[in-house]
Amino acid sequence: MATNVTTAQLAGLFKEAYAGGVRTLYPEMALISKEIGELTEAERVGNLYHQPVILTREQGYTYGGSSGDAYALAASVAMSMQDAQLQGVENTLRSRVPMRVAAKSVSSAKAFKQAIGLILKSNLSSHALRKEKEILYGGATVGMGQSASMNNDSTTQTTIAISPATWATGLWAGEEQATVNFFRTDTGALISSAADAVFTLTAIDPDNRKITVTGTTTGTTALQAQAANATVVFSGARTTLSSLNEAIGLHYISNVAGGTTVWNISNTNTLWKPNSYSCASGALTFGKIVSGMQRPVAKAALDENVTLYCSIDTWPSLVDSFAAARLLDSSYTPDEYKNGAGKVSYVYGPAVVKVAPHPMVMGGHAFAVPSGESKLKKVGSTDVTLNVPGRGDEMFTLIPDANGFEFRSYSDWAPFAPEPAKIVQFTNIVNP
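Report follows, based on the coordinates. (Residues numbered from 1 in each chain as written. Predicted model: local features only at pLDDT ≥ 70, side-chain atom pairs only at ≥ 80, totals over all residues. Heavy atoms only, no water.)

Focus on the pattern of salt bridges
Close approach of charged atoms lets side chains of opposite charge pair. Applying the stated rule across the entire model yields ten salt bridges. The salt bridge partner of Arg-94 is Glu-406, with a shortest N-O separation of 2.7 Å. Note that Arg-94 is positioned in strand β3 (residues 89–98) and Glu-406 in strand β21 (residues 404–416), a separation of 312 residues in sequence. For Glu-406, a relative accessible area of 7% puts it in the buried group. The partner of Glu-175 in a salt bridge is Arg-130, and the shortest N-O contact between them spans 3.8 Å. With a gap of 45 residues between them, Glu-175 in the loop between α5 (169–172) and β6 (179–184) and Arg-130 in helix α4 (residues 109–137) connect regions that are remote in the sequence. Residue classification places Glu-175 among the buried residues on the basis of a relative accessible area of 13%. Since its relative accessible area comes to 35%, Arg-130 is described here as partly exposed. Overlapping salt bridges, with partners in common, bring together Arg-94, Glu-406 and Arg-408 in one network. (Salt bridge = Lys/Arg side-chain N within 4 Å of Asp/Glu carboxyl O. Helix = DSSP H or I, 4+ residues; strand = E, 2+ residues; numbered from the N terminus. Buried < 20%, exposed > 50% of the residue type's maximum accessible area, 1.4 Å probe, protein only.)

Written out as structure tokens, the structure is:
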């Protein structure tokens, strides 16, 4: 039976079983990727994406007074523009299908779903979630978390407690057996080198904000010497803490120092630099959100709705803050707020900020991002796909040295904020 299985059969059954495309297999946790939507033709580029942006306004303004004279006009000072530039970032995820599983799948689309569907869903879900993590923390100085302390379990095993401010359960759930690198938080240098710098996640402890890793004796010795001075990222994403193989994400965009060049433009420009609002080592509340949102309103004329992505640890205090601040009137709708809530919305001036708890947002900060015309975009050549370029519809290939098939998901895109000055990062949040 297995000899009758062909790559063409498997590809045809995939099309029949998943007529809605690969996005039907995306996980719900990929909140921001779903908000961004598909990679559009306008942003689908093979090389650099170019976006002209306005950095300063027209300045040839003359005050004529009330005398009625033929007063002289000030010289025109044109607005300044610059070209934002970025490229997509490639990612590939490989999966295997044992020959017996493939053989059981070829009788019908239903059989295909039952036999191979779980592997396909796992691959695409894993790929989409890695991209979601990149949207949030690509290039971030906090990486995927920073150590608060370490326990030296053995010469090859270490348990790391991640600081509350940089912990997010969704960044780690299900990532056992993933490989990671550690970088020195103070210098950005890779901890150990070559194969000794690669560690395997063997356990995740969400209740205590801990991860356990194993590595070589040399690598483990170097890691254990760092204690509370290590930043963790998925292996291969960077060569140093600031030298990236991944796209920059929201934390990087909204947290870089003044004068940093982002997408070919210096963020010393008022209309390009994002906003930061400190919660002063306290809870994020209704009042602080409204105060923080006034900055992009005043600076960048923000007049569109905003989605604020916060930690699930921040969410309870926000619901309490909303309950304390709200007034029930004819505008109140029970599907928006009940005894407990799936979402809360605040009026911040010209529009509304919708708060969305995100399992991958760290405890110490939150991101307010426009959800209208200025929302995040995808830029690159392709969204997540199983049709690897150059192979047409042949998504499955025989493994030369193993009894089975392989398929790969591939993506080539990066997130892009067309108006960073409309983004706010709320910092120094300490959750109750």
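Topic: helix α8 (residues 286–300)
With 15 residues, α8 should cover 21 Å at 1.5 Å per step; its first-to-last C-alpha distance of 22 Å lies within 8% of that length. If you check which residues of α8 are buried, you get Ile-289, Gly-292, Met-293, Pro-296 and Ala-300. For α8, the angular spread of the buried residues around the axis is 100 degrees, confining them to a single face. In the stretch just after α8, Ala-301 is the one whose phi turns positive, near 55 degrees. (Expected span 1.5 Å × (residues − 1). Arc of directions from axis to C-beta.)

Some remarks on the nonpolar core
Counting 76 residues, the largest nonpolar core has Tyr-137, Trp-172, Val-180, Phe-182, Leu-223, Trp-263 and Trp-272 as its most contacted members. At nine residues, the largest contribution of residues to this core is made by α4. By size, the runner-up hydrophobic cluster in this structure holds 21 residues, among which are Ile-289, Leu-318, Tyr-346 and Val-355. (Core = buried A, V, L, I, M, F, W, Y, C linked by side-chain atoms within 4.5 Å.)

Looking at the pairing of strand β17 (residues 352–357)
Two faces, one strand: in a regular strand the side chains alternate between the faces of the sheet. The pairing of strand β15 (residues 306–310) with β17 spans five bridges and is parallel. Residue pairing across strands places Cys-310 opposite Pro-357, the latter belonging to β17. In this structure, strand β16 (residues 344–347) lies alongside β17, joined through four bridges in antiparallel fashion. What sits directly across from Tyr-346, in β17, is Val-353. (Pairing = 2+ DSSP bridges.)

Section: the sheet that holds strand β14 (residues 275–282)
The six strands are arranged β14-β22-β18-β15-β17-β16 in an open sheet whose pairing can be described as mixed. Here the strands that pair on one side only, and so sit at the sheet edges, are β14 and β16. Averaged over all neighbouring strand pairs, the angle between strand axes comes to 20 degrees, with direction disregarded. Where β15 meets strand β18 (residues 366–370), four bridges bridge the pair, whose relative direction is antiparallel. In the strand pairing of β18, Tyr-309 is matched with Phe-367. Contacts between α8 and the sheet are confined to β14, β15, β16, β17, β18 and β22 (424–429), with β14 contributing the most and set at about 160 degrees to the helix. (Axes fitted to C-alpha atoms, helices over the stretch in contact; angles between N-to-C directions. Contact = heavy atoms within 4.5 Å.)

Observations regarding the pairing of β18
Of all five residues that make up β18, five are buried, and the element is covered over most of its length. Here β18 shows two buried faces, one formed by Ala-366, Ala-368 and Pro-370 and the other by Phe-367 and Val-369. With three bridges joining them, β18 and β22 adopt antiparallel strand pairing. Bridging across to β22, Phe-367 finds its partner in Gln-425.

Describing the sheet that holds strand β8 (residues 210–214)
Within a sheet, each strand pairs with its neighbour through backbone hydrogen bonds, oriented either parallel or antiparallel. The sheet built from six strands is open, its strands ordered β4-β5-β8-β7-β6-β9 with antiparallel pairing. The sheet is open, and its two edges are formed by β4 (147–152) and β9 (230–234), each paired on a single side. Pairs of neighbouring strands in the sheet enclose a mean axial angle of 40 degrees, with direction left out of account. Looking at chain direction, β6 and β9 are connected through five bridges and run antiparallel. Opposite Val-180, over in β9, you have Phe-234 as the bridge partner. Along the sheet, helix α6 (residues 217–224) makes contact with β4, β5 (157–162), β6, β7 (199–205), β8 and β9, crossing β5 at roughly 30 degrees.

Topic: the environment of Thr-221
Secondary-structure assignment places Thr-221 in helix α6. Owing to a relative accessible area of 49%, Thr-221 belongs among the partly exposed residues under this scheme. Here the alpha-carbon distance between Thr-221 and Asp-196, two residues 25 residues apart in the chain, equals 9.9 Å.

Examining the side chain of Asp-383
Tracing the backbone through its elements, the reader meets Asp-383 in strand β19 (residues 377–385). A distance of 3.0 Å separates a polar atom in the side chain of Asp-383 from a polar atom in the side chain of Lys-378. (Polar contact = N/O pair within 3.5 Å; in protein donor to acceptor, adjacent residues only side chain to side chain.)

Remarks on the packing of aromatic side chains
For the structure shown, the criterion picks out nine aromatic pairs. On the basis of an interplanar angle of 45 degrees and a centroid distance of 5.7 Å, the ring pair of Trp-172 and Phe-234 is categorised as tilted. With Trp-172 in helix α5 and Phe-234 in strand β9, the pair connects residues that are 62 residues apart, well separated along the chain. The two residues Trp-172 and Phe-234 agree in class, both being buried. Among the aromatic residues, ring-to-ring pairing joins Tyr-49, Trp-263, Trp-272 and Phe-416 into one connected group. One residue, Arg-130, lies across the ring of Phe-234, its end atom 3.7 Å from the ring centre. Sitting over the face of the ring of Trp-413, Lys-378 holds its NZ or CZ atom 4.8 Å from the ring centroid. (Phe/Tyr/Trp six-rings, centres within 6.5 Å; stacked < 30°, edge-to-face > 60°. Lys NZ or Arg CZ within 6 Å of the ring centre and 35° of its normal.)

Things to note about α6
Three or more residues of α6 are buried, namely Gly-219, Thr-220, Leu-223 and Gln-224. Buried positions in α6, seen along its axis, are confined to an arc of 125 degrees and lie on one side of it. Contact partners of the buried residues in α6: β4, β5, β6, β7, β8 and β9.

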